[in-house]
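Now for the letters of each chain:
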Amino acid sequence: MFIDIHVHNHYEDKGVMLLLNIFPGDTDKINPDGYYSIGLHPWYVNEETLDNDIAVITQSAVNPNVLAIGETGLDKKIDVPYMKQLQAFEQQLDIAEKLKKPVIIHCVKAYDDIISLRKKFNQSIPWIIHWFNAGEQIANELMKYNCYISYGQMLFKENSKAFGVFKNMPLDRVFFETDDTGVSILQVYDKASLVRKMPLGNLKKQIKNNFISCFGDLL
Ligand SMILES: [Zn+2]
């Protein structure tokens, strides 16, 4: 079983379990055969709709097929006011903590804030940093505070910081994702198994164990 921890468009593949990310406007996509994360992406934080979005997330996140909150997070490269992003992020962290569901995090140039919030909120639930692209020091700090790191297309960019971190990090903190990039989850696992010189079967087992640690034994 391959696990695709973050993707926005549903696809059918018998050997793949995917965690489909949906936005508050997409709750009609939730069906009892699938698994979902629901959250407000920092790009779409809007003063006028924020309260309603948070209310929808609060309500939908109770559904047992919704396994995680997110993607949510912080992005310093966009025009959405940072204070509003922080507000929306913190509200979603509260929902996640109440329901004891992990959080899928989008982070662009805001790793320091993510780490300080992690310390401040002192949450027991795991945070999964998707599309991770930072250096070793940040990765170590995140892992120290029970965060996981998810890799996808970055594994094909061998001079990226993310690739450098992946080469040596503990595999019990790893997830893989496609995030609608066009690369398949099989390609990501294959590449990872090559880089870490680990047989694909063992790698699949490891990621499955990571999944069970975060979400319980659903597989
Ligand atoms: Zn995404």
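Just so we're clear, the structure is a prediction, and the values are computed from it rather than from any experiment.

### Focus on the sheet that holds strand S4 (residues 66–75)
Next up, step 1: Within the open sheet, the 8 strands sit side by side as S1-S2-S3-S4-S5-S6-S7-S8. Their pairing is parallel. Across the chains shown, the open sheet's two edge strands, defined by having one partner strand only, are strand S1 (2–7) and strand S8 (174–176). Taking the axes of each pair of neighbouring strands and ignoring which way they run, one obtains an average angle of 25° across the sheet.
Next up, step 2: Both strand S5 (residues 103–108) and strand S6 (residues 127–129) contribute to a ladder of 3 bridges, which runs parallel. Counterpart to Val103 in the pairing with S6 is Trp127.
Next up, step 3: Packing of helix H3 (residues 111–121) onto the sheet brings it into contact with S4, S5, S6 and strand S7 (147–151), and relative to S6 it is tilted by some 170°.

### Considering the environment of Lys204
Next up, step 1: On the secondary structure map, Lys204 appears in helix H7 (residues 200–215).
Next up, step 2: Note on Lys204: relative accessible area 22%, which makes it partly exposed.
Next up, step 3: Placed 198 residues apart in sequence, Lys204 and His6 show a C-alpha to C-alpha distance of 16 Å.
Next up, step 4: Those residues in contact with Lys204 that lie beyond four places of it in its chain are Met1, Phe2 and Tyr189.

### Comments concerning a nonpolar patch on the surface
Next up, step 1: A surface patch of nonpolar side chains, about 230 Å² in accessible area, is lined by Met1, Leu218 and Leu219.
Next up, step 2: Inspection of the secondary structure assignment puts Met1 in the segment before S1.

### Structural notes on the side chain of Glu177
Next up, step 1: Along the chain, Glu177 turns up in the loop between S8 and helix H6 (185–195).
Next up, step 2: One polar contact links the side chain of Glu177 to the main-chain amide nitrogen of Trp131, over a distance of 3.1 Å.
Next up, step 3: Of note is the side chain of Glu177, whose polar atom sits 2.7 Å from the side chain of Ser150.
Next up, step 4: Apart from the residues lying within four places of it in its own chain, the contact partners of Glu177 are Asp4, Ile5, His6, His130, Trp131, Ser150, Tyr151, Gly152, Ile185 and Val188.

### Let's talk about H3
Next up, step 1: Tyr111, Ile114, Ile115, Leu117, Arg118 and Phe121 are the residues of H3 that are buried. Summarising the axial view, the buried residues of H3 lie within an arc of 160°, below the 170-degree limit, and thus occupy one face. When the buried face of H3 is taken as reference, the exposed residues oriented beyond 90 degrees from it are Asp112 and Lys120.
Next up, step 2: Positive backbone phi, approximately 45°, marks Asn122, located one or two places after H3.

### Concerning the side chain of Thr72
Next up, step 1: Counting through the fold element by element, Thr72 comes out in strand S4.
Next up, step 2: The buried category is assigned to Thr72, whose relative accessible area is 1%.
Next up, step 3: Once residues lying within four places of it in the same chain are set aside, the contact partners of Thr72 are Leu40, Pro42, Phe89, Gln92, Val103, Ile104, Ile105 and His106.

### Overview of the nonpolar core
Taken as a class, soluble globular proteins show a tendency for nonpolar side chains to be buried jointly.
Next up, step 1: Counting residues in each nonpolar core, the largest one holds 76 residues, and the members touching the most others are Trp127, Phe132, Tyr151, Phe176 and Phe215.
Next up, step 2: Apart from residues lying up to four places away in sequence, Phe132 is in contact with Tyr111, Ile138, Ala139, Leu142, Ile149, Ser150, Tyr151, Met154, Ala162 and Val165.

### Section: the pairing of S5
Next up, step 1: Buried residues dominate S5, accounting for 5 of its 6 residues.
Next up, step 2: In terms of strand pairing, S4 meets S5 through 6 bridges, oriented parallel. If you follow Gly70 over to S5, its bridge partner there is Ile104.
Next up, step 3: Tracing the backbone out of S4, into helix H2 (residues 82–99) and back to the parallel element S5 gives a crossover that is right-handed.

### Re the coordination of the zinc ion
Next up, step 1: Distances from the zinc ion to its protein donors, namely His6 (NE2), His8 (NE2), Glu71 (OE) and Asp179 (OD), fall within the range 2.1 to 2.4 Å.
Next up, step 2: Every donor counted, the 4 donor atoms about the zinc ion form angles of 84 to 169° at the centre, which fits irregular coordination.
Next up, step 3: Spacing between the donor residues of the zinc ion along the chain follows H-x1-H-x62-E-x107-D. With His6 in strand S1 and Glu71 in strand S4, the pair connects residues that are 65 residues apart, well separated along the chain.

### Quick look at the packing of H3 against helix H4 (residues 136–144)
Next up, step 1: Relative to each other, H3 and H4 sit at 20°, their axes nearing to 10 Å. If you check the angle between H3 and H4, you find them roughly parallel. The chirality of how H3 crosses H4 is left-handed. Only Ile138, Glu141 and Leu142 of H4 make contact with H3, whose side of the interface consists of Tyr111, Ile114, Ile115 and Lys119.
Next up, step 2: Residue composition of the contact of H3 with H4, by class: 5 nonpolar, no polar and 2 charged.

Parameters and conventions
- Residues numbered from 1 in each chain as written.
- Predicted model: local features only at pLDDT ≥ 70, side-chain atom pairs only at ≥ 80, totals over all residues.
- Heavy atoms only, no water.
- Pairing = 2+ DSSP bridges.
- Helix = DSSP H or I, 4+ residues; strand = E, 2+ residues; numbered from the N terminus.
- Axes fitted to C-alpha atoms, helices over the stretch in contact; angles between N-to-C directions.
- Contact = heavy atoms within 4.5 Å.
- Buried < 20%, exposed > 50% of the residue type's maximum accessible area, 1.4 Å probe, protein only.
- Patch = residues over 30% accessible without salt bridge, like charges linked within 9 Å, V, L, I, M, F, W, Y side chains within 5 Å.
- Areas by Shrake-Rupley, 256 points an atom, 1.4 Å probe, with all protein chains shown as cover.
- Salt bridge = Lys/Arg side-chain N within 4 Å of Asp/Glu carboxyl O.
- Polar contact = N/O pair within 3.5 Å; in protein donor to acceptor, adjacent residues only side chain to side chain.
- Arc of directions from axis to C-beta.
- Core = buried A, V, L, I, M, F, W, Y, C linked by side-chain atoms within 4.5 Å.
- Right-handed = clockwise from strand over helix to strand, strands pointing away.
- Donors = N, O, S within 2.8 Å, 3.2 Å for Na, K, Ca; no water.
- Tetrahedral: all angles 85-135°; square planar, octahedral: opposite > 155°, others 65-115°.
- Parallel < 35°, antiparallel > 145°, perpendicular 65-115°, else oblique.
- Left-handed = near helix turned anticlockwise from the far one by under 90°.
- Nonpolar A, V, L, I, M, F, W, Y, C, P; charged D, E, K, R; others polar.

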